[in-house]
Amino acid sequence: MSTVENLEDRKIEIYRRHYLDVYRFLICFTGNQNDTEDLTQEVFVRVMNNLSNYKVGSLKIWIFSIAKHTAIDHYRKKRFSSIFKEVFFKQLPSSELKPEELFEQTK
């Protein structure tokens, strides 16, 4: 068996062994199935991309550390975008008429 096949088998085993635990961990953060599925996928993409950087120690703790940081990153992005939408766009002046003003003109 080649080294590439061994690495692929290892990745599959890591995913099978830790997927459900990571999913359960992230559902506590999000409370939303769709977000949790997306974040779980992101965690394993990061795990697989950085597997060569993994040092000796608990693999599960390393994966959960990635999951925690993935959840934090998600909420930072989500919070930033919601603040940006709520505050920024309300402060932009518009030269166009508001919907109610357009309605009044069409009477």
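Values in this document were obtained by computation on a predicted structure and should not be read as measured data.

(A) The nonpolar core, seen in detail. Residues I14, V22, L26, V43, V47 and I63 are the most contacted members of the largest nonpolar core, which totals 15 residues. Residue assignment for this core shows that the elements contributing at least two residues are α1 (3-30), α2 (33-49) and α3 (59-91). Apart from the residues within four sequence positions on either side, L26 is in contact with T36, L39, T40, V43, A67 and A71.

(B) Structural context of the packing of aromatic side chains. In the structure shown here, the tally under the stated rule is seven aromatic pairs. Ring centres of Y15 and Y19 lie 5.2 Å apart, and the angle between their planes is 40°; this geometry places the pair in the tilted category. Note that Y15 and Y19 are positioned in helix α1 at a spacing of four residues, about one turn of the helix. Judged by relative accessible area, which is 39%, Y15 ranks as partly exposed.

The rules we used
Residues numbered from 1 in each chain as written. Predicted model: local features only at pLDDT ≥ 70, side-chain atom pairs only at ≥ 80, totals over all residues. Heavy atoms only, no water. Core = buried A, V, L, I, M, F, W, Y, C linked by side-chain atoms within 4.5 Å. Buried < 20%, exposed > 50% of the residue type's maximum accessible area, 1.4 Å probe, protein only. Helix = DSSP H or I, 4+ residues; strand = E, 2+ residues; numbered from the N terminus. Contact = heavy atoms within 4.5 Å. Phe/Tyr/Trp six-rings, centres within 6.5 Å; stacked < 30°, edge-to-face > 60°.

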